[in-house]
2 protein chains.
Amino acid sequence: MNPQPGSFPAAGHDHHACVRSALRGAERLCAEQGLRLTAIRRRVLELIWQSHRPSGAYEILEQLAGEGHRPSPPTVYRALEFLLAHGLVHRISSRNAFVGCSRPGQGHMAQIFICDRCSVAVELADGTLNRRIRRNADDLHFHIREQTVEIAGLCPACAGRANEG
Amino acid sequence: MNPQPGSFPAAGHDHHACVRSALRGAERLCAEQGLRLTAIRRRVLELIWQSHRPSGAYEILEQLAGEGHRPSPPTVYRALEFLLAHGLVHRISSRNAFVGCSRPGQGHMAQIFICDRCSVAVELADGTLNRRIRRNADDLHFHIREQTVEIAGLCPACAGRANEG
DNA sequence: AATGAAATGTTATCCTGTAACACACTTGGA
DNA sequence: TCCAAGTGTGTTACAGGATAACATTTCATT
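Model, not experiment: these values are computed from the prediction.

Notes on the overall build of chain A
Link 1 in the chain: When helices and strands are counted, chain A shows six helices and five strands.
Link 2 in the chain: Secondary structure elements of chain A occur, N-terminal to C-terminal, as α-α-α-α-β-β-β-β-α-β-α.
Link 3 in the chain: Its C-alpha radius of gyration of 17 Å places chain A within 12% of the 15 Å reference for a compact globule of 165 residues.
Link 4 in the chain: Across its three principal axes, chain A shows a C-alpha extent of roughly 50 × 45 × 30 Å.
Link 5 in the chain: The proportion of buried residues among the 165 residues of chain A is 35%.
Link 6 in the chain: Put simply, of all contacts in chain A between residues at least 6 apart along the chain, 53% involve residues at least 24 apart.

Printed below as a string of structure tokens:
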């Protein structure tokens, strides 16, 4: 089961299932579209899905290094470029980081909520909101290519313990 | 007159007036709130307002260097930090750059449209859209601290000559 | 003048991302 | 089977963005 799009992951959710589901989804999408999910690309996607927290490119690099690969930055950035281009991951501009996309292949007009405290990110794709953005663009006679909607704050769990640590 | 919030600047608009207006606004806001608009802060704001294109921190640095100041990165970043904290500029995460805020002091729930071709940025503050975001956050039980809404594409003028150069 | 807080200067370094070029591996056709 | 062309990867070197840590100055107020 994919990480429920539209809600923060429950405390004890089966994360291995998230990862498996994401990889299966990627395999299916690549098969359908004749794309090559090479070993590196697959591994980078897998590492990004290790958690629901956006990963920096150099974090990924270090994890790969820990496995003996020792790739250089361009290798990782190329894999990320591929994953971004085909909607398998999102870039979080406000953090220079990358997070798995919960709905690969369904266009990329997502809104992403990121917790300041635990860093968990959740994506939404609110059609009403997207239409509103498009309408604003139309009023400006602006032609949208890409949108970035990132909301930072506290997730439910962290808001609950806001006054602790 | 401030750059019309909510529309792309007209071809022959009086840009000196934009700059003057932005600086006057900043002076007023700082006076009201007992903030110190020091020489550097003022100069950085002025440089950012030189155009409606977001400026990188190191661009600003170079311009200051060209005037004999030769400041170091932290100096510029501190000025930017001040200007951001008091709503005088926006950070454009998707470009690592900064642009003047057209409505200082009115909260910072803005949407920014940026042209891929000429880089001009225009800000909007659509209450309906902001309420929609807030509503999505409420549904998630997420507490918003800050939002980033950046839309990239082609401004009216550039869309017009899209098939030329 | 003396004091404490805020602002700036300085140095060094870290993090993020890419250019440029070499090599290897598919894949389809001669 | 071998060759070409395209795609993917390796490697080196560097550009660009941002901050830590500490020294010094400036300012408002006593």
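Quick notes on the interface of chain B and chain A
Link 1 in the chain: Contacts between the two partners involve 34 residues from chain B and, on the opposite side, 34 residues from chain A.
Link 2 in the chain: Counting only elements with at least two residues in the side of chain B that touches chain A, the list comes to strand 3 (111–115), strand 4 (121–124), helix 5 (127–140), strand 5 (143–154) and helix 6 (156–160) of chain B.
Link 3 in the chain: For the side of chain B that touches chain A, the element with the most residues is strand 5 of chain B, which contributes twelve residues.
Link 4 in the chain: Within the side of chain B that touches chain A, the residues separate by chemical class into 17 nonpolar, eleven polar and six charged.

A few points about the protein's contact with DNA strand C
Link 1 in the chain: In the vicinity of DNA strand C there are 18 residues, among which Tyr58 and Pro73 of chain A together with Thr38, Ser72 and Pro74 of chain B approach most closely.
Link 2 in the chain: When residues of the surface near DNA strand C are traced back to their parent elements, those giving at least two are helix 3 (57–65) and helix 4 (73–85) of chain A together with helix 2 (39–48) and helix 4 (73–85) of chain B.
Link 3 in the chain: In terms of residues, the surface near DNA strand C owes the most to one element, helix 4 of chain B, which gives five residues.
Link 4 in the chain: Here the surface near DNA strand C is built from residues that sort into ten nonpolar, five polar and three charged.

Describing helix 2 (residues 39–48) of chain A
Residue and element names in this part refer to chain A.
Link 1 in the chain: Taken as a whole, helix 2 has its buried residues at Arg41, Val44, Leu45, Leu47 and Ile48. Axial view of helix 2: buried residues confined to an arc of 160 degrees, hence all on one face.
Link 2 in the chain: Residues of helix 2 that are buried sit in contact with helix 1 (15–33), helix 3, helix 4, strand 1 (89–92) and strand 2 (97–100).

A short note on the pairing of strand 5 (residues 143–154) of chain A
Link 1 in the chain: Relative to strand 5 of chain A, strand 3 (residues 111–115) of chain A runs parallel, the two being bridged by five bridges. What sits directly across from glutamine 111 of chain A, in strand 5 of chain A, is valine 149 of chain A.
Link 2 in the chain: Here strand 5 of chain A pairs with strand 5 of chain B via eleven bridges, running antiparallel. When the sheet's bridge partners are listed, isoleucine 151 of chain A is paired in strand 5 of chain B with glutamine 147 of chain B.

Notes on the environment of histidine 86 of chain B
Residues and elements named next belong to chain B.
Link 1 in the chain: Among the secondary structure elements, histidine 86 is positioned in the loop between helix 4 and strand 1 (89–92).
Link 2 in the chain: C-beta crowding within 10 Å serves as the criterion here: with 18 such atoms nearby, histidine 86 is assigned to the partly exposed category.
Link 3 in the chain: In this structure, the C-alpha to C-alpha distance between histidine 86 and glycine 107, residues 21 residues apart in sequence, is 9.3 Å.
Link 4 in the chain: Beyond its immediate chain neighbours, meaning those up to four positions away, histidine 86 contacts Leu29 and Leu35.

What about the relation of the copies chain B and chain A?
Link 1 in the chain: Taken as rigid bodies, chain B and chain A are interconverted by a rotation of 180 degrees and an axial shift of 0.0 Å, the fit giving an RMSD of 0.0 Å. The transformation just described matches what one would write down for a two-fold rotation axis. Proximity to the rotation axis, assessed at the C-alpha, singles out valine 149 of chain B in chain B; its C-alpha lies 2.3 Å from the axis.
Link 2 in the chain: Both copies contact each other with a shared surface, as 100% of the interface residues of chain B are interface residues in chain A too.

Considerations on the sheet that holds strand 3 of chain A
Link 1 in the chain: Taken in spatial order, the six strands make up an open sheet running 4(A)-3(A)-5(A)-5(B)-3(B)-4(B), and their pairing is mixed. The open sheet has two edge strands, strand 4 (121–124) of chain A together with strand 4 of chain B, and neither has a second partner. For this sheet, the mean inter-axis angle between neighbouring strands, taken without regard to orientation, is 20 degrees.

So, the protein's contact with DNA strand D
Link 1 in the chain: If you check the shell around DNA strand D, you find 18 residues, and the closest are Thr38 and Ser72 of chain A together with Gly56, Tyr58 and Asn96 of chain B.
Link 2 in the chain: Listing elements by their share of the surface near DNA strand D, those giving two or more residues are helix 2 and helix 4 of chain A together with helix 3 (57–65) and helix 4 of chain B.
Link 3 in the chain: Looking at which element gives the most residues to the surface near DNA strand D, the answer is helix 4 of chain A, with five residues.
Link 4 in the chain: Residue classes in the surface near DNA strand D are distributed as ten nonpolar, five polar and three charged.

So, the packing of helix 2 of chain B against helix 3 of chain B
Residue and element names in this part refer to chain B.
Link 1 in the chain: Their axes nearest at 10 Å, the elements helix 2 and helix 3 cross at an angle of 115 degrees. With respect to each other, helix 2 and helix 3 are oriented roughly perpendicular. As helix 2 runs across helix 3, the sense of the crossing is right-handed. For the pair helix 2 and helix 3, contact is made by Arg43, Val44, Leu47 and Ile48 and by Ile60, Gln63 and Leu64, respectively.

Some remarks on the pairing of strand 4 of chain A
All names here are of chain A.
Link 1 in the chain: Alternating positions in strand 4 separate into two faces, Ala121 and Glu123 on one and Val122 and Leu124 on the other, with burial throughout.
Link 2 in the chain: Two strands pair when backbone bridges link them, and strand 3 and strand 4 are joined in this way by four bridges, in the antiparallel orientation. Bridge pairing in strand 4 links phenylalanine 113 to valine 122.

Criteria and cut-off values
Residues numbered from 1 in each chain as written. Chains lettered and ligands numbered in written order. Predicted model: local features only at pLDDT ≥ 70, side-chain atom pairs only at ≥ 80, totals over all residues. Helix = DSSP H or I, 4+ residues; strand = E, 2+ residues; numbered from the N terminus. Rg over C-alpha atoms; globule rule 2.2 N^0.38 Å. Buried ≥ 20, exposed ≤ 12 C-beta atoms within 10 Å, placed from the backbone. Contact = placed C-beta atoms within 7 Å. Nonpolar A, V, L, I, M, F, W, Y, C, P; charged D, E, K, R; others polar. Near = placed C-beta within 6 Å. Arc of directions from axis to C-beta. Pairing = 2+ DSSP bridges. Least-squares fit on C-alpha atoms with pLDDT ≥ 70 in both. Axes fitted to C-alpha atoms, helices over the stretch in contact; angles between N-to-C directions. Parallel < 35°, antiparallel > 145°, perpendicular 65-115°, else oblique. Left-handed = near helix turned anticlockwise from the far one by under 90°.

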